[in-house]
Amino acid sequence: MTLASGGVRVQLCGTLHLEVAAERLEDGLPGRQGRLLFAYLVLNRHRPCTRDELAEAVWPGAVAVHGAGLNPLVSKLRRLLGADALEGRSALRLELGDDAHVDVEWAEQAVHRAESQVALGHWAAAWGPAIGAMLVAQREFLPGEDAGWIEEERRALADILVRALDAYAVATLEMGGTELPAAVRAGRRLVSVAPLRETGYQVLMRALQLQGDVGAAVAVYGELRALLRDELGVSPSQATQHLYTSLLEPPRGT
């Protein structure tokens, strides 16, 4: 069995999951250090990683002491994943195959698709990939572990979550109708996770307005204005101010 033969699925967010040709292999990874090494190789699978770099990923700050300990981990990974899975000697690259499904890679691709569909005004087409990206990004990357590269990946996933929420909120708002309650929920969640990002407030204001709750929409603007003033010393953007002004206009025909 080789990873490049196909059917590889890797999940690094939440519970670590490794599946090759429908066979679960994660229990065969060599302990905590083996899981860290495997995860780092997966994240960097499109380039060779030096042994010092890999040792630093597994034992942060202690390369000189633990660098030699990398050899048995690499040997055990090769036995588990196949002789051709790890390319190179002084520098290693994990070969998963072109069709491998890696959750963190898929989330980045999905949020890009969602954003592209929103830009094109294809609201329904943005809905699915936005939700998929959110489902991945909201799970913790390698829970319980702590290292600089792990925190960096968590920050990247937090950004993906915000972008996916943004796309989903806008898509559901523009779809309207029965999706308006979803737009309200998405707007509130976006405000919660990215309180200085105005998109969530804009979506929430418009969705509440369309639901007939103009008072609540006006209150949302007040919350944003106070937050920006207190935190950044600025006013809401012109687009948000224009939306607020439209809330105060009397309904047409009155």
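Keep in mind that this is a model prediction, so the values were computed, not measured.

Conventions we followed
- Within any chain, residue numbers begin from 1 and follow the written order of that chain's sequence.
- The model is predicted, so local features are restricted to residues of pLDDT at least 70 and side-chain atom pairs to those at 80 or more, both for listing and for counting; the totals for chains, interfaces and linings are taken over all residues.
- Heavy atoms from the whole structure form the basis of all side-chain values; hydrogens and water molecules are not counted.
- Each aromatic pair joins two rings of Phe, Tyr and Trp (for Trp, the six-membered one) with centres within 6.5 Å, and gets the label stacked for planes under 30 degrees apart, edge-to-face for over 60, and tilted for any other angle.
- Relative accessible area decides the class of each residue, using a 1.4 Å probe on protein chains only: under 20% of the type maximum gives buried, over 50% gives exposed, and in between gives partly exposed.
- Secondary structure follows DSSP: runs of H or I at least 4 residues long count as helices, runs of E at least 2 residues long count as strands, and numbering of each begins at the N terminus.
- Strands are treated as partners if at least two bridges between them are detected by DSSP.
- The contact criterion used is simple: two residues touch if any of their non-hydrogen atoms lie within 4.5 Å.
- Orientation is described by axes fitted as lines to C-alpha atoms, over the contacting stretch for helices, and by angles from 0 to 180 degrees between their N-to-C directions.
- What qualifies as a polar contact is a pair of N or O atoms within 3.5 Å, subject to a donor-acceptor requirement within protein and to the restriction that residues adjacent in sequence count only when both atoms come from side chains.
- Note that the term roughly parallel is reserved for angles under 35 degrees, roughly antiparallel for angles over 145, roughly perpendicular for angles of 65 to 115, and oblique for everything else.
- Helix crossings fall into two classes, left-handed where the near helix is turned counterclockwise from the far one by less than a right angle and right-handed where it is turned clockwise.

Some remarks on the packing of aromatic side chains
Inference 1: Counted by the stated rule, this structure contains four aromatic pairs.
Inference 2: Measuring from centroid to centroid gives 6.3 Å for Phe141 and Trp149, while their planes differ by 80°, and the two rings are edge-to-face. Summarising the burial analysis for this pair, Phe141 and Trp149 share the class buried.
Inference 3: With a centroid separation of 4.0 Å and 10° between ring planes, the pair formed by Tyr221 and Tyr244 is classed as stacked. Residue Tyr221 is found in helix α10 (residues 214-231), and its partner Tyr244 is found in helix α11 (residues 238-248); the two are separated by 23 residues along the sequence.
Inference 4: Residue class for Tyr244 comes out partly exposed when judged on its relative accessible area of 21%.

Things to note about the sheet that holds strand β5 (residues 86-87)
Inference 1: Spatial ordering of the open sheet is given by β4-β6-β5, a layout of three strands whose pairing is antiparallel. The open sheet terminates on both sides in strands that have one partner only, identified here as β4 (49-50) and β5.
Inference 2: Note that β4 and strand β6 (residues 91-94) share two bridges and pair antiparallel. Across the sheet, Thr50 pairs through a bridge with Ala91, a residue of β6.
Inference 3: Each of β4, β5 and β6 touches helix α1 (residues 31-43); the most contacted strand, β6, lies at about 80° to it.

Section: the side chain of Glu95
Inference 1: Considering the arrangement of structural elements, one finds Glu95 in the loop between β6 and β7 (101-102).
Inference 2: Here the side chain of Glu95 touches Arg93 through a polar contact of 2.8 Å, side chain to side chain.
Inference 3: Of the polar contacts made by the side chain of Glu95, one reaches the backbone nitrogen of Gly97; its length is 2.8 Å.

Notes on the packing of helix α9 (residues 198-210) against α10
Packed helices, taken two at a time, are described by the angle between their axes plus the distance between the axes.
Inference 1: Remark: α9 packs on α10, axes separated minimally by 7 Å, with the N-to-C direction vectors making an angle of 165°. Classified by the angle between their axes, α9 and α10 sit roughly antiparallel to one another. The interaxial crossing formed by α9 with α10 has left-handed handedness. Between α9, through Glu198, Tyr201, Leu204, Met205, Leu208 and Gln209, and α10, the contact on the second element is made entirely by Val214, Ala216, Ala217, Val220, Tyr221, Leu224, Leu227 and Leu228.

Function cannot be read off these values alone, since they describe shape.
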